[in-house]
Amino acid sequence: MLHLYFCSVHFIRQSFPFKYNQFPCEVTATSRHYVDRLFDPDPQKVLQGVIDMKNAVIGNNKQKANLIVLGAVPRLLYLLQQSSSSLELRTECAVVLGSLAMGTENNIKSLVDCHIIPALLQGLLSPDLIFIEACLRCLRTVFISPVTPVQLLYTDPTVIPHLMSLLSNSQRTQEYITQIFSHCYSGAPDGSVQPWRHPEHRPSVRMQALKCFSVLAYENTQGLHDTVLVDGELDQPVEMQLTAAKCLTYMCRAGAIRTDDSCIVLKTLPCLVRMCSKEHLLEERVEGAETLAYLMEPDVELQRIASTTDHLVAMLADYFKYPSSVSAITDIKRLDHDLKHAHELRQAAFKLYASLGSNDEDIRKKITETENMMDRIVSGLSESSIKVRLAAVRCLHSLSRSVQQLRTSFHDHAVWKPLMKLLQNAPDEVLVMASSTLCNLLLEFSPSKEPILESGVIELLCSLTQSDSSALRVNGIWALMNMAFQADQKVKVEIVRCLGTEQLFRLLSDPDTNVLMKTLGLLRNLLSTRPHIDQIMSSHGKQIMQAVTLILEAEHSIEVKEQTLCILANIADGNTAKELIMTNDDMLQKIKYYMGHSNVKLQLAATFCISNLIWNEEDGSQERQDKLREMGFVDVLHKLTQASDPNLSDRLDTAANH
């Protein structure tokens, strides 16, 4: 419950707490009529009066001043606070007060003098979101005025936590509260001390302020543009240090602070690394590791700095041994608590390892060489806690980006087995990360590829392509694409059989471009080596040519069309499959069009098609050359001979010679 202060206000219509000389304007009979209606005994007439007042004051500063002079504000506040008032009436009162606040600075002063702030803050206890938004909108307007004392926001220590609890209620509550906090905590324009840093304030108030900033800054690229000077709190007690580090981390990720800023490199990162040491409480170690993981996730330089700070990689190994048999914890309740929450340490360690190893090969090597690390990941994949399983698979995914680790650690520990088990029955967020890891294990240089193929993974991957989740569809088709690369004909036939031509062509019209690109990649890998090309085109040639036509005619990116033309070039390399192009004049005209396209990539891909069609050493080459000559392809080739791109020039020379 908010313990907000209130002054007794007696609503006697003849006495007003204002000086008339503040408003040099004429009070009209119309204005008096609006105020009189607020005192009508009929609630419906009062409501209509407030609505009419709302319409009258919009954009009319003179009318706003008149109504304030005539005592509308105390009456509106009274109606707003009465439990007997209807919700609609209370909401309309908040809207009118917000409109009055949008007038002059004198208007704001008068509203504040009438104790509008505590009345509106009390209104935030309502369960109705629309009423809360109306109160917050008015509070926002009042607090962003330079004449409003910002101290009124934090006089009561229960206000800030309640505002924080409302942040996620709606986009509007987040917007209004963000603007209130941004103004009240960013310091005055004249550079005076930020109110929350004032030495008279209790640490608990400063703590709440820091927590506000951390909430506001998280993934907020617009709410806080000014760097708030919180790094001074990094010398304070542990809880304040950690919260200040979180705040600076979130601001850094939101783009308000550069990753190479000294407050990040020299203060925030070392502070978070310190929090990972075993001298700290479990909660502090968890929060420190997870915040550090988030800070350096997109920045390879921060990852390198962290990996060499205070032996962090080795320090994290202690997260898996906690509490140990020789634990220094003597408090039985604390020990019982930590035993129940030890899995949170493992989760945090996996997250931090994943972030550390996401780019640098040397760091990945250091992680995998940490004592029993691969065994710990394998164990983590089958833990009862879904969060630990997710963090473990994130870590595995990060390490799977290394060719060296795929060939050594991953093979030695047969990590594909628990990974496949994890894929059988897991929530989507785990499936996305696990299937993404599987994509890497299916690369041609991975020793795990063969045993995974033998385990019957094709059916599982084909089922992922039918998921409602675009991320799962991408991963399913991506894994199949990697599997089909330089694969035996038996594997390719099984992929086509299991996926089915209907699903394959459904994926070619998927609204997600990533799905479309990976499906084209799969098709390109399936249509490689002549016997495979001819075999697949003899069974599915008509549908494939139809799909290619649709993509080339539709509005797609250069990358999509390039990949599609490369598929055509592969078809043109088949012994019998090339006839599906040669007997399709419409397709030949499309190839001719793309040879003359302004984009070099499309020109090159289209020219590859022609080169494969007219190759001299192949049967029927003369007839194909004659037909293409009749269709004007020689003229197109001659026009392109002046091309500046060396790859295109070479390909044009080859085609022209043939």
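Every residue gets a number counted from 1 within its own chain, in the order that chain's sequence is written. For this predicted model, a pLDDT threshold of at least 70 governs which residues receive local features, and a threshold of 80 or more governs which side-chain atom pairs are given and counted, while totals over whole chains, interfaces and linings are taken from all residues. Side-chain numbers here rest on the full set of heavy atoms in the structure, without hydrogens or water.

If you check an unreviewed UniProt entry, the protein appears there as Armadillo repeat-containing protein 8 from Amphiprion ocellaris.

With respect to the overall build of the protein
Only DSSP runs of H or I with at least four residues qualify as helices, and only runs of E with at least two residues qualify as strands; both kinds are numbered from the N terminus onward. A tally of helices and strands in the protein yields 38 helices and 0 strands. Only protein chains enter the area calculation, which uses a 1.4 Å probe; residues under 20% of their type maximum are buried, those over 50% are exposed, and those in between are partly exposed. Within the span of the protein, comprising 658 residues, buried residues form 53% of the whole. For this analysis, residues touch if any pair of their heavy atoms sits within 4.5 Å. The long-range fraction of contacts in the protein, counting pairs at least 24 apart against all pairs at least 6 apart in sequence, stands at 69%. Throughout, the Shrake-Rupley method with a 1.4 Å probe supplies accessible areas, and for residues the shown protein chains are the sole cover considered. Here the protein has roughly 30300 Å² of accessible surface; of this, 50% comes from carbon and sulfur atoms.

Digging into the environment of Asn570
With respect to the secondary-structure elements, Asn570 resides in helix 32 (residues 558-572). Separated by 42 residues in sequence, Asn570 and Asn612 have C-alpha atoms that sit 8.1 Å apart. Not counting residues up to four positions away in its chain, the partners in contact with Asn570 are Arg524, Leu527 and Ile533.

Re the confidence of the model for the protein
Close inspection of predicted coordinates is inappropriate in any region flagged by low pLDDT. Each residue carries a pLDDT value, the predictor's own confidence for that position, ranging from 0 to 100. Here the protein shows a mean pLDDT of 85. Residues at 70 or above account for 84%. When the elements of the protein are averaged for pLDDT, helix 11 (residues 203-217) gives the smallest value, 60, and helix 15 (residues 300-307) the largest, 97. In the model, residues 1-25 has pLDDT below 50 throughout and makes 52 contacts with residues more than four positions away in sequence or in other chains.

Notes on the nonpolar core
One finds Leu356, Leu568 and Ile591 to be the most contacted residues of the largest nonpolar core, which totals 142 residues. Here this core takes 9 residues from helix 31 (residues 530-553), the largest share from any one element. Not counting residues up to four positions away in its chain, the partners in contact with Ile591 are Leu568, Ile581, Ala606, Cys609, Ile610 and Phe633. In terms of nonpolar packing, the next biggest core, distinct from the first, is built from 59 residues, Leu38, Leu124, Ala134 and Cys138 among them. Residue types Ala, Val, Leu, Ile, Met, Phe, Trp, Tyr and Cys, when buried and joined through side-chain atoms within 4.5 Å, form a set referred to as a nonpolar core.

A few points about the environment of Arg140
Turning to its location among the elements, Arg140 is positioned in helix 8 (residues 129-143). Between the C-alpha atom of Arg140 and that of Phe181, which follows or precedes it by 41 residues, the distance is 9.2 Å. The contacts of Arg140, once residues within four sequence positions are left out, are Glu175, Tyr176, Gln179 and Ile180.

Overview of the pattern of salt bridges
It is possible for side chains of opposite charge to pair when their charged atoms get near one another. Here a salt bridge means any side-chain nitrogen of Lys or Arg lying within 4 Å of a carboxyl oxygen belonging to Asp or Glu. For the structure on display, the rule yields 23 salt bridges. Glu133 is the partner of Arg172 in a salt bridge, and the nearest nitrogen-oxygen pair spans 3.9 Å. Within this pair, whereas Arg172 is found in helix 10 (residues 171-185), its partner Glu133 is found in helix 8, the two being separated by 39 residues in sequence. Salt bridges sharing partners connect three or more residues here, namely Glu301, Arg304 and Asp360.

Thoughts on helix 12 (residues 238-253)
Along its 16 residues, helix 12 runs 22 Å from first to last C-alpha, staying within 8% of the 22 Å computed at 1.5 Å per residue. Among the residues trailing helix 12, Gly255 stands out with phi positive, at a value near 95°. In this analysis, the expected span of each helix is defined as 1.5 Å times one less than the number of residues it contains.

Focus: unusual backbone geometry
With a phi angle near 50°, Asp310 is a residue other than glycine that sits in the positive phi range. Take Asp310: it is sitting in the loop between helix 15 and helix 16 (312-315). Asp310 gets classed as partly exposed once you look at its relative accessible area, which sits at 45%. At His311, a residue that is not glycine, the phi angle is positive and equals roughly 55°. Take His311: it is sitting in the loop between helix 15 and helix 16.

Looking at the packing of aromatic side chains
Both the distance between ring centres and the angle between the ring planes are used here to describe each pair of aromatic rings. Paired rings are identified among Phe, Tyr and Trp, the last through its six-membered ring, by centres lying within 6.5 Å, and are further divided according to the angle between planes into stacked (under 30 degrees), edge-to-face (over 60) and tilted (the rest). According to the stated counting rule, one finds 3 aromatic pairs in the structure shown. With a centroid separation of 4.9 Å and 75° between ring planes, the pair formed by Tyr593 and Tyr594 is classed as edge-to-face. The ring of Tyr294 has Arg253 sitting right over it, with the charged end atom 4.2 Å from the ring centre. For a ring to carry a charge above it, either NZ of a lysine or CZ of an arginine must fall within 6 Å of the ring centroid while also lying within 35 degrees of the normal to the ring plane. One residue, Lys518, lies across the ring of Trp478, its end atom 4.4 Å from the ring centre.

Quick word on the side chain of Lys590
Within the element layout of this structure, Lys590 appears in helix 34 (residues 585-595). A relative accessible area of 10% means that Lys590 is categorised as buried. What Lys590 contacts, discounting residues up to four positions off in sequence, is Thr549, Leu552 and Glu553.

Quick notes on the packing of helix 1 (residues 29-37) against helix 3 (residues 61-69)
The description of two helices packed together rests on the angle between their axes and the distance between the axes. Whenever a helix is involved, its axis is fitted only over the stretch in contact; in every case the axis is a line through C-alpha atoms, and angles between N-to-C directions fall within 0 to 180 degrees. It is the contact of helix 1 with helix 3, at a shortest axis distance of 9 Å, that shows an interaxial angle of 55°. Taken as axis vectors, helix 1 and helix 3 run oblique relative to one another. For the crossing formed where helix 1 meets helix 3, the hand is right-handed. Contacts from Ser31, Tyr34 and Val35 in helix 1 reach Gln63, Asn66 and Leu67 in helix 3. Think of it as three bins: nonpolar holds Ala, Val, Leu, Ile, Met, Phe, Trp, Tyr, Cys and Pro, charged holds Asp, Glu, Lys and Arg, and polar takes everything else, Gly as well. Taken together, the residues of the contact of helix 1 with helix 3 sort by class into 3 nonpolar, 3 polar and no charged. Small angles under 35 degrees read as roughly parallel and large ones over 145 as roughly antiparallel, with 65 to 115 read as roughly perpendicular and the rest as oblique. Crossing handedness: left-handed means the near helix sits turned counterclockwise from the far one by under a right angle, and right-handed means the same turn made clockwise.

Section: helix 36 (residues 621-630)
Note: α-helices contain 3.6 residues per turn, so residues at a spacing of three or four share the same orientation. Those residues of helix 36 that sit buried are Ser621, Arg624, Gln625 and Leu628. Taken down its axis, helix 36 places every buried residue within 100° of arc, on the same side. Turned more than 90 degrees away from the buried face of helix 36 sit Glu623 and Glu630, all of them exposed. In this structure, the buried side of helix 36 is in contact with helix 33 (579-582), helix 34, helix 35 (600-614) and helix 37 (633-640). At the exit of helix 36 stands Gly632, carrying a positive phi of roughly 90°. Starting at the helix axis, one direction is taken to each C-beta atom, and the arc is that of these directions.

A closer look at the side chain of Arg75
With respect to the helices and strands, the residue Arg75 is situated in helix 4 (residues 72-81). Despite being buried, Arg75 has no salt bridge partner; Asp40 is the closest side chain of opposite charge, sitting 9.0 Å away. Pairs of N or O atoms within 3.5 Å make up the polar contacts considered here, provided that, within protein, one atom can donate a hydrogen while the other can accept it, and that residues adjacent in sequence are counted only when both atoms are side-chain atoms. A polar contact of 3.0 Å, which involves the side chain of Arg75, links it to the backbone oxygen of Leu38. Counting rule for charge: Lys and Arg are taken as positive, Asp and Glu as negative, and neither His nor the chain ends is counted.

Quick look at the state of the cysteines
The disulfide criterion is simple: two cysteine sulfur atoms within 2.5 Å. Scanning all chains against the criterion turns up 0 disulfides. Looking at Cys263, it has no disulfide partner, and the nearest cysteine sulfur is the one in Cys252, 7.7 Å off. Since its relative accessible area comes to 10%, Cys263 is described here as buried. The structure places no disulfide on Cys271, whose sulfur is separated from the nearest cysteine sulfur, that of Cys276, by 9.8 Å. For Cys271, a relative accessible area of 0% puts it in the buried group.

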